[in-house]
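If you want the building blocks of each chain, they are given just below.
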Amino acid sequence: MKAMIVKEHGPLENLMLESMPDPVAGDNQVVIDVKACAVNFADILLVDGSYQEKPPLPFSPGAEVAGIISQVGVQVSGWKMGDKVQGMASWGGFAEKIAVPPEALCPLPDNMSYVDAAAFVVAYGTSHVALDYRAKLQKGEWLVVNGAGGGVGLTAVEIGKLMGARVIATAGSDEKLALARDKGAEFTINYTHENLRDKIKEYTGGKGANVVYDPVGGDVFRRTFRAMAPEGRMIVIGFACGDIPQVPANHLLVKNIELIGFFWGAYRKFKPQILQESTRQLFEWYEEGLIKPHISATFPLDKTGDAIRALRDRTSSGKVVVTMT
Ligand SMILES: NC(=O)c1ccc[n+]([C@@H]2O[C@H](COP(=O)([O-])OP(=O)(O)OC[C@H]3O[C@@H](n4cnc5c(N)ncnc54)[C@H](OP(=O)(O)O)[C@@H]3O)[C@@H](O)[C@H]2O)c1
């Protein structure tokens, strides 16, 4: 098979198309013929070697795949060759084939394309579990979504709206803000030149944000934190800008604010039933036409470096997906 391989950590130019031996399904594995693999922020860090997990070199990045099962291990039950699936791995997805255990699989809804399937589970799952299970977002509450044009941000706008919240989207470009409005944001703020705190206060009639969903970190986090309502909940999703903000505990005390950490991947081992229930609900919403991933670009396998570069350079919106022909 062909795969995009990192032999040495470094810039995205280090990703090279190579021929590799086809994977063989272990006793408790299936092999997926990959049709599409989504780009995630972690892929940037995997290639340069700064991610918390370090796969042994050489390896292929890419965690979220969709395709068709082409081999089934002898101990696997419930799956067969030809099944159309979405699969999660830690890496190895930017390749024509990948072997994964059966617990990493979801069957695809009939009306879902491979591209949508690859882009779906992490982005929507992160926003759904964070807003519902962790932050307990209520109908009518003010939800501020930072980085609202990005992969997870845009899904938080959609899910927040679907849950009945009033959504304020923030982003660094007017194009991304227009997209967030299309997905249900009532107000938008461009954080490159608008005052986040003042605008949030203005739009919420002086109340402030009940829930903030923050995948950006740094100054965007700090400025939004100052616009929270009493008993507000701040959800820490990620640090796309690379700056991890510090929060003085006395500010949490004085304003009765909750700071909530959320990492979707940890729930795969810690409480998998929470993710299974969320994924079931999300696929149902997809089938009903209530949610739909925004894919701003697809790239062929040999252009995986360009696909990851689009995320790194903030030129993408929603999700970017690599497809195999
Ligand atoms: N907690 C979890 O379970 C979980 C799950 C998935 C992802 N994440 C994390 O969430 C973060 C966002 O992931 P994503 O997939 O949404 O990425 P993405 O598609 O690249 O979106 C990130 C957004 O952050 C904004 N941003 C602001 N400053 C930036 C900078 N210096 N560099 C890059 N982007 C910047 C960009 O919007 P503007 O250009 O509009 O500013 C961009 O649209 C990452 O840190 C990722 O690791 C966490």
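Residues numbered from 1 in each chain as written. Predicted model: local features only at pLDDT ≥ 70, side-chain atom pairs only at ≥ 80, totals over all residues. Heavy atoms only, no water.

Participant: Run through the side chain of Glu 158, naming residues and quoting values.
Facilitator: By the element assignment, Glu 158 lies in helix H3 (residues 151–162). A relative accessible area of 9% places Glu 158 in the buried class. At 2.6 Å, the side chain of Glu 158 forms a polar contact with the side chain of Tyr 124. (Helix = DSSP H or I, 4+ residues; strand = E, 2+ residues; numbered from the N terminus. Buried < 20%, exposed > 50% of the residue type's maximum accessible area, 1.4 Å probe, protein only. Polar contact = N/O pair within 3.5 Å; in protein donor to acceptor, adjacent residues only side chain to side chain.)

Participant: Break down the pairing of strand E11 (residues 209–214) for me, with residues and values.
Facilitator: Across the six residues of E11, six count as buried, placing the element largely inside the fold. Bridge count for strand E8 (residues 142–145) against E11 is three bridges, and the pairing is parallel. Within the sheet, the bridge partner assigned to Val 144 lies in E11 and is Val 212. In terms of strand pairing, E11 meets strand E12 (residues 228–236) through five bridges, oriented parallel. Bridge pairing in E12 links Asp 214 to Val 236. (Pairing = 2+ DSSP bridges.)

Participant: Pulling in residues and values, what's your account of the site of the ligand?
Facilitator: If you check the shell around the ligand, you find 21 residues, and the closest are Gly 172, Tyr 191, Phe 262, Trp 264 and Arg 314. For the ligand, the protein covers 88% of the area, taking 900 Å² as the surface of the free molecule. Each of domain 1 (2–108 + 294–323) and domain 2 (122–265) accounts for three or more of the residues forming the shell around the ligand. (Near = heavy atom within 4 Å. Areas by Shrake-Rupley, 256 points an atom, 1.4 Å probe, with all protein chains shown as cover. Domains from an automatic or database assignment.)

Participant: Hey, could you go over the nonpolar core for me, with residue numbers and the actual values?
Facilitator: Ranked by internal contacts, the top residues of the largest apolar core, which has 83 residues, are Phe 120, Leu 131, Leu 143, Tyr 213 and Ile 235. By residue number, the principal contributor to this core is helix H2 (residues 114–134), which donates 10 residues. Here this core spans two domains, since at least three of its residues come from each of domain 1 (2–108 + 294–323) and domain 2 (122–265). Counting residues in hydrophobic clusters, the runner-up holds 19 residues, among them Val 144, Leu 196, Ala 209 and Val 212. (Core = buried A, V, L, I, M, F, W, Y, C linked by side-chain atoms within 4.5 Å.)

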